[in-house]
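# Structural description and commentary
Each chain is listed here by its residues.
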Amino acid sequence: MQFHQIIMDATEIEFLAEKAPITIVPNFTQEKLYLISGDVGPFTAGIPMEVPMWLGMNLRQRGKCRLVIPDWMDAEKLAEKKEEESQSKVFTEMPCEHYLVVAQLILSTAPEDIPNSQQVKTLVKDIWDLRISKLRSSVAEFIQSEGTHAKLDRLTLLEINSIRPFLPHSFDQLHRLSKAANSSNLSQTQDY
Amino acid sequence: MVKQDTHLPQKAWITERMSPTLEQNQSELVDCMLDQINQMAENLKRLKKHDFRLAIHKMEIDRIRYIISSYLRVRLEKIERYAHYLLQKEAGITDESMANLTPQEVTYAKDYASNLESHFQTLVLQHVPENLRGFDPTKMSVKPNLDSYIFLRVKEETQGVLIDDSGEGRDEEVDLEEGSQHLMRYKPISHLVQSGAVTLI
């Protein structure tokens, strides 16, 4: 019997993250763009504006704008976040749902736009590693506790995806086993 | 379709990807998006070769097209996997608005099922002794595992969701707070997915 596993590719999560807005400063002037998913613009050289990430990245690559780095991507703030995350037993709230994707996109497209880019890169990776290792140890606990359901507040999509398909599939199997165990118990009690 | 509704195709796509069974078809949404894409493509033909504006519109079209293709592809995969089960279920539905499969999908499922049967006949069954030639599609049908564990995010607070345990009588109830995320079995919350109270992630 073939079994089907529900998976999501990291590139697809990046695709989803690319819809989030980012602030850019265009170096050209252009009237509104009437995109299917909403109007963008008008573009005025030197005036900051919000565009979806995929558009911002593309414009930046063509040299048509400068990126305004999101507030949270600051070396000091990230260092504080890292400290907070390492002190806390549970997962802390991340300033951005797609923090790793956004950081990675900006660092690869326009590292010059980020002050202390090397530091930022290291800090984001450290935060990711901390959270993933917390996740790994709590997964072990989940399974041992034989719970039927788990709460994963404040975990971001990419982090959740890292335990697919292993974790849901393990729970499936555990459920199957306990169902089989229970039904054999029932049939035993019905025997004389 | 209003511009603010453009997150709906994405939501339908993720739900279909993450669900162990076939969700309700969103053919109106798909048709609407395809219309919009085609219209945009028409308009772009009339635009002069404005290199980067054209490229941006085209990028957006490609993005939307990707979501729709992936959505339709995952539905077809499920139809192929659960063909017999889905056809039986659809046959039992009399109200058209409750149908899960579009008419084209029903035709596809029927064709697939009959192709599979004739494939087995030509490949194996007609070459084996008479008494082994029986073909019972119901024995071959695969049902989706509604007990699969899925991740969800809560949109609307829902109290007292019953997650009954496997027959031990250990009935467990959970309160779903808005904004929380959970890992649990699909079956107890499938009605909440359909109502929009939770979304699969």
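Attention in this report is confined to the structure presented alongside it. (Residues numbered from 1 in each chain as written. Chains lettered and ligands numbered in written order. Predicted model: local features only at pLDDT ≥ 70, side-chain atom pairs only at ≥ 80, totals over all residues. Heavy atoms only, no water.)

This part takes up the overall build of chain A. Counting its regular elements, chain A contains 7 helices and 6 strands. The helix and strand sequence of chain A, counted from the amino end, reads α-β-β-β-β-α-β-α-α-α-β-α-α. The C-alpha atoms of chain A give a radius of gyration of 23 Å, which is well past the 16 Å a tight globule of 192 residues would have. Counting over 192 residues, chain A shows a buried share of 45%. In chain A, once contacts between residues fewer than 6 apart in sequence are set aside, the share between residues at least 24 apart is 69%. By element, 52% of the accessible surface of chain A is carried by carbon and sulfur atoms, the whole surface being about 10400 Å². Averaged over its 20 positive side-chain charges, chain A has a centre that lies 2 Å from the centre of its 26 negative ones. (Helix = DSSP H or I, 4+ residues; strand = E, 2+ residues; numbered from the N terminus. Rg over C-alpha atoms; globule rule 2.2 N^0.38 Å. Buried < 20%, exposed > 50% of the residue type's maximum accessible area, 1.4 Å probe, protein only. Contact = heavy atoms within 4.5 Å. Areas by Shrake-Rupley, 256 points an atom, 1.4 Å probe, with all protein chains shown as cover. Lys, Arg positive; Asp, Glu negative; His and termini not counted. Charge placed at Lys NZ, Arg CZ, Asp CG, Glu CD.)

Read across the open sheet, the 4 strands follow the order 6(A)-4(B)-1(B)-5(B); overall the sheet is antiparallel. In the strand order of this sheet, the two ends are held by strand 6 (150-151) of chain A together with strand 5 (198-200) of chain B, each with one partner. Taken together, the 3 bridges between strand 1 (residues 149-154) of chain B and strand 5 of chain B define a ladder with antiparallel strand orientation. Each residue of the ladder has a partner; that of Arg153(B), found in strand 5 of chain B, is Thr199(B). (Pairing = 2+ DSSP bridges.)

Here we take up the side chain of Asn100(B). Residues and elements named next belong to chain B. Within the secondary structure layout, Asn100 lies in the loop between helix 4 (83-91) and helix 5 (103-123). Accessibility expressed as a relative area gives 12% for Asn100, which makes it buried. Here Gln24 takes part through its backbone nitrogen, which lies 3.5 Å from a polar atom of the side chain of Asn100. The contact partners of Asn100, leaving out residues within four places of it in the chain, are Leu22, Glu23, Gln24, Asn25, Arg75, Lys89, Glu90 and Glu105. (Polar contact = N/O pair within 3.5 Å; in protein donor to acceptor, adjacent residues only side chain to side chain.)

Attention shifts here to the pattern of salt bridges. What the rule picks out here adds up to 23 salt bridges over all chains. Measuring nitrogen to oxygen at the nearest pair gives 3.1 Å for the salt bridge that ties Asp129(A) to Lys125(A). Of this pair, Asp129(A) and Lys125(A) both sit in helix 5 (residues 117-144), 4 residues apart, roughly one helical turn. We classify Asp129(A) as partly exposed; its relative accessible area is 35%. Notably, a salt bridge pairs Lys151(A) with Glu177(B), separated by 3.5 Å at the nearest N-O pair. (Salt bridge = Lys/Arg side-chain N within 4 Å of Asp/Glu carboxyl O.)

Attention now goes to a negative patch on the surface. All names here are of chain B. There is a patch of like negative charges on the surface, built from Glu156, Glu157, Asp171, Glu173, Asp175 and Glu178. The topology assignment puts Asp171 in the loop between strand 2 (158-163) and strand 3 (172-176). Overall, the relative accessible area of 52% leaves Asp171 in the exposed class. (Patch = residues over 30% accessible without salt bridge, like charges linked within 9 Å, V, L, I, M, F, W, Y side chains within 5 Å.)

The tally for this structure, following the rule as stated, stands at 6 aromatic pairs over all chains. Between the aromatic rings of Phe15(A) and Trp13(B), the centroid separation amounts to 6.0 Å while the plane-to-plane angle is 85°, which identifies the pairing as edge-to-face. Residue Phe15(A) is found in helix 1 (residues 10-17), and its partner Trp13(B) is found in helix 1 (residues 8-18); the two belong to separate chains. The exposure classification of Phe15(A) matches that of Trp13(B), with both residues buried. For the ring pair Phe171(A) and Tyr149(B), a centre distance of 4.9 Å and an interplane angle of 50° mean the geometry is tilted. Taken together, the residues Phe171(A) in helix 7 (residues 166-190) and Tyr149(B) in strand 1 connect one chain to another. As far as burial versus exposure is concerned, Phe171(A) and Tyr149(B) are alike and both buried. (Phe/Tyr/Trp six-rings, centres within 6.5 Å; stacked < 30°, edge-to-face > 60°.)

All names here are of chain A. Burial of the side chains of strand 5 (residues 65-68) is restricted to one face: Cys65 and Leu67 are buried, whereas none of Arg66 and Val68 on the reverse face is. Of the pairings in the sheet, the one linking strand 1 (residues 21-26) to strand 5 comprises 4 bridges and is antiparallel in character. By the bridge assignment for strand 5, Ile24 is matched with Leu67.

Okay, the sheet that holds strand 5 of chain A next. All names here are of chain A. If you walk across this open sheet you meet the 3 strands as 4-1-5, and the pairing is antiparallel. Each edge of the open sheet is held by one strand with a lone partner, namely strand 4 (49-52) and strand 5. Mean inter-strand twist for the sheet, computed between neighbouring axes without regard to direction, equals 50°. The pairing of strand 1 with strand 4 spans 4 bridges and is antiparallel. Bridge assignment links Thr23 to a residue of strand 4, and that residue is Glu50. (Axes fitted to C-alpha atoms, helices over the stretch in contact; angles between N-to-C directions.)

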